[in-house]
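The residues making up each chain are set out below.
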Amino acid sequence: QVQLVESGGGLLQAGGSLRLSCATSGRTFDNYAMGWFRQAPGKEREFVAAISRSGGYTYYSDSVKGRFFISRDNAKNTVYLQMDSLKREDTAVYYCAAAINPFVTGTQLRDFGFWGQGTQVTVSS
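**Q** Would you explain the side chain of Ser 21 in this entry?
**A** Within the secondary structure, Ser 21 is located in strand E3 (residues 18–25). Note on Ser 21: relative accessible area 15%, which makes it buried. Excluding its chain neighbours within four sequence positions, the residues that come into contact with Ser 21 are Val 5, Glu 6, Ser 7, Trp 36, Thr 78, Val 79 and Tyr 80.

Written out as structure tokens, the structure is:
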């Protein structure tokens, strides 16, 4: 059974930085792409970032490009999301996700079949 556990969320002021971590278990980590999504109150879950199996390819939503950075450590079965220059509109529950298909690095919800429980990030002005 695939398990994903996020950590690192919190409350901070606009302009600050935060790093989220997602520890995984249950299958061969480096066979699958990983992603981060977020969901703000009253809104749909949206794509934030994705990283290929080897870490050689990364993808970002336009709203976070240049401020957020996704990385992975395959030796630790962990994926990270470094968030810099945070804005109030980044406030959301952030979810780690693991891809369904080992050969695809997607950016859509349907590309990911395993999800963490989410971690809250709140940015105040």
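From this point, the discussion proceeds with the structure in view.
**Q** How should I be thinking about the side chain of Ser 52 in this particular structure?
**A** One can find Ser 52 in the loop between strand E5 (46–51) and strand E6 (58–60). One polar contact links the side chain of Ser 52 to the main-chain amide nitrogen of Gly 56, over a distance of 3.3 Å. When sequence neighbours within four positions are dropped, the list of residues in contact with Ser 52 reads Ala 33, Tyr 57, Arg 72 and Thr 105.

**Q** Explanation requested: the environment of Leu 18 in the structure shown.
**A** Along the polypeptide, Leu 18 turns up in strand E3. Sequence separation between Leu 18 and Val 121 is 103 residues, and the spatial gap between their C-alpha atoms is 8.8 Å. Beyond its immediate sequence surroundings of up to four residues, Leu 18 is in contact with Gly 8, Gly 9, Gly 10, Leu 12, Leu 81, Gln 82, Met 83, Leu 86 and Val 121.

**Q** What is the right way to read the pattern of salt bridges from this model?
**A** Pairing is possible between side chains of opposite charge, provided their charged atoms come close. Throughout the structure, instances matching the rule amount to four salt bridges. Put simply, Arg 38 and Asp 90 hold a salt bridge, and the shortest N to O gap is 2.9 Å. Within this pair, whereas Arg 38 is found in strand E4 (residues 34–39), its partner Asp 90 is found in the loop between strand E8 (78–83) and strand E9 (92–99), the two being separated by 52 residues in sequence. Residue classification places Asp 90 among the buried residues on the basis of a relative accessible area of 0%. Between Arg 67 and Asp 90 there is a salt bridge, and its shortest N-O distance comes to 2.8 Å. In this pair, Arg 67 is assigned in the loop between E6 and strand E7 (68–73) and Asp 90 in the loop between E8 and E9, connecting sequence segments 23 residues apart. Neither Arg 67 nor Asp 90 differs from the other in exposure class; each is buried.

**Q** I tried to follow the packing of aromatic side chains on my own but got confused; where do I start?
**A** Two aromatic rings are characterised by how far apart their centres lie and by the angle between their planes. Tallying each qualifying case throughout the model produces four aromatic pairs. With a centroid separation of 5.7 Å and an interplanar angle of 75°, the aromatic rings of Phe 37 and Phe 47 are classed as edge-to-face. Here Phe 37, found in strand E4, pairs with Phe 47, found in strand E5; they are 10 residues apart in sequence, far enough to count as distant. By relative accessible area, which is 15% here, Phe 47 ends up buried.

**Q** Sorry, what's going on with the environment of Phe 114 here?
**A** You can see Phe 114 is positioned in strand E10 (residues 112–115). Taking the relative accessible area as the measure of exposure, Phe 114 reaches 29% and is therefore partly exposed. Counting along the chain gives 84 residues from Phe 114 to Asp 30, while the straight-line C-alpha distance between them is 15 Å. Once residues lying within four places of it in the same chain are set aside, the contact partners of Phe 114 are Val 2, Leu 4, Arg 27, Cys 96, Ala 97, Ala 98 and Ala 99.

What counts and how
- Residues numbered from 1 in each chain as written.
- Predicted model: local features only at pLDDT ≥ 70, side-chain atom pairs only at ≥ 80, totals over all residues.
- Heavy atoms only, no water.
- Helix = DSSP H or I, 4+ residues; strand = E, 2+ residues; numbered from the N terminus.
- Buried < 20%, exposed > 50% of the residue type's maximum accessible area, 1.4 Å probe, protein only.
- Contact = heavy atoms within 4.5 Å.
- Polar contact = N/O pair within 3.5 Å; in protein donor to acceptor, adjacent residues only side chain to side chain.
- Salt bridge = Lys/Arg side-chain N within 4 Å of Asp/Glu carboxyl O.
- Phe/Tyr/Trp six-rings, centres within 6.5 Å; stacked < 30°, edge-to-face > 60°.

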